[in-house]
Amino acid sequence: MYPKVIYIVRHGEKPGETHIEHIDDGVNLAPAGRTRATGIAHHAPSLFSVKSHKKINYVFATAKSKMSVRPIETIQPLAEFCKTKINAKFRDEDFYKLAKEITGKKKYDQSVVVICWHHGKIPHLIEALGGIAGVHPIENGHWDDRVFDRVIRMTKTENGILVESLPQRLLYGDSIL
């Protein structure tokens, strides 16, 4: 069993240094991150290659922690457009549990799943879902700290799990390739 497609996005921009998780930065999105969250929701059909918001079946985000609620804030506007609830019961380090949930239950088979996670664990999440974390912005198993504007698309093929990195093209300065 495998979803028709899994999309993974990093949470939107955060305050402070992008490469340091510091409590003084606060737990919420920066203004640019809120703008990105709204953009993801408004442009979901083209961003996630679906005909309408209703075609997105499941939305996941990292559970709230004392350091961040940014994944939930990033994906909340999309969930509202899709009229679905966010499953935010998995902690950042629970990527294997999330992968087991998505690939082990029939209800997810052939569905469209969108996941918003912290960038430091996205390479591990990709691998837990059966892919190889070797696409931009992931190098040597690490997601580039400065990159917020990519969508990872995972699809099952006869040769395994295809992992692609696509541009969001939502904000000024986002990559176009």
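The structure under discussion appears in the preceding block.
Here's what I pulled together on the structure shown here. (Residues numbered from 1 in each chain as written. Predicted model: local features only at pLDDT ≥ 70, side-chain atom pairs only at ≥ 80, totals over all residues. Heavy atoms only, no water.)

**Some words on the overall build of the protein**
Piece 1. When helices and strands are counted, the protein shows five helices and eight strands.
Piece 2. Helices (α) and strands (β) of the protein occur, in sequence order from the N terminus, as β-α-α-β-α-β-α-β-α-β-β-β-β.
Piece 3. For 177 residues, the compact-globule estimate of 2.2 N^0.38 gives 16 Å, and the protein sits close to it at 15 Å.
Piece 4. Dimensions of the protein, computed from the C-alpha atoms along their principal axes, are close to 45 × 35 × 35 Å.
Piece 5. When the 177 residues of the protein are sorted by exposure, 50% land in the buried category.
Piece 6. Taking the contacts inside the protein whose residues are at least 6 apart along the sequence as the reference set, 68% of them involve residues at least 24 apart.
Piece 7. Of the roughly 9,100 Å² of accessible surface on the protein, 52% is carried by carbon and sulfur atoms. (Helix = DSSP H or I, 4+ residues; strand = E, 2+ residues; numbered from the N terminus. Rg over C-alpha atoms; globule rule 2.2 N^0.38 Å. Buried < 20%, exposed > 50% of the residue type's maximum accessible area, 1.4 Å probe, protein only. Contact = heavy atoms within 4.5 Å. Areas by Shrake-Rupley, 256 points an atom, 1.4 Å probe, with all protein chains shown as cover.)

**As for the nonpolar core**
Piece 1. If you look at the biggest cluster of nonpolar residues, it comprises 26 residues, and the most contacted ones within it are Ile6, Ile8, Ile115, Ile126, Leu129 and Met154.
Piece 2. Listed by contribution, the elements that provide at least two residues to this core are β1 (5-10), α4 (95-104), β4 (112-117), α5 (122-128) and β7 (150-157).
Piece 3. One finds Val5, Val50, Ala79 and Cys82 within the second-largest nonpolar core, a separate group that totals 22 residues. (Core = buried A, V, L, I, M, F, W, Y, C linked by side-chain atoms within 4.5 Å.)

**So, the environment of Tyr96**
Piece 1. With respect to the element layout, Tyr96 can be found in helix α4.
Piece 2. Under the relative-accessibility criterion, Tyr96 is labelled exposed at 55%.
Piece 3. The spatial distance from the C-alpha of Tyr96 to the C-alpha of Glu127 is 9.0 Å, given a sequence separation of 31 residues.

**Quick notes on the side chain of Ser111**
Piece 1. You can see Ser111 is positioned in the loop between α4 and β4.
Piece 2. Looking at Ser111, the relative accessible area reads 5%, which means it is buried.

**Remarks on the sheet that holds β1**
Piece 1. With mixed pairing, six strands are arranged side by side in an open sheet as β3-β2-β4-β1-β7-β8. The open sheet is flanked by β3 (86-87) and β8 (160-167), the only strands paired with a single partner.
Piece 2. Relative to β8, β7 runs antiparallel, the two sharing eight bridges. If you follow Arg153 over to β8, its bridge partner there is Glu164.
Piece 3. Contacts from helix α3 (residues 70-82) reach β1, β2 (58-61), β3 and β4 within the one sheet, and its direction differs from that of β4 by about 150°.
Piece 4. Those strands touched by α4 are β1, β2 and β4, and its axis lies near 170° from that of β4. (Pairing = 2+ DSSP bridges. Axes fitted to C-alpha atoms, helices over the stretch in contact; angles between N-to-C directions.)

**Details of α4**
Owing to its 3.6 residues per turn, the α-helix brings residues three or four apart onto one side.
Piece 1. Buried within α4 we find Phe95, Leu98, Ala99, Glu101 and Ile102. End-on view of α4: buried residues confined to an arc of 160°, all on one side of the axis. Away from the buried face of α4 by more than 90 degrees, exposed residues Tyr96, Lys97 and Lys100 are located.
Piece 2. Looking at the buried positions of α4, the neighbouring elements they touch are β1, β2, β4 and α5. (Arc of directions from axis to C-beta.)

**Quick word on the pairing of β2**
In regular strands, side chains alternate between the two faces of the sheet.
Piece 1. Relative to β4, β2 runs parallel, the two sharing four bridges. Residue pairing in the sheet places Val59 in a bridge with Val114 of β4.
Piece 2. Looking at chain direction, β2 and β3 are connected through two bridges and run parallel. Of the residues in β3, the one forming a bridge with Phe60 is Asn87.
Piece 3. At this point the chain moves from β2, through α3, to the parallel β3, and the crossover so formed is right-handed. (Right-handed = clockwise from strand over helix to strand, strands pointing away.)

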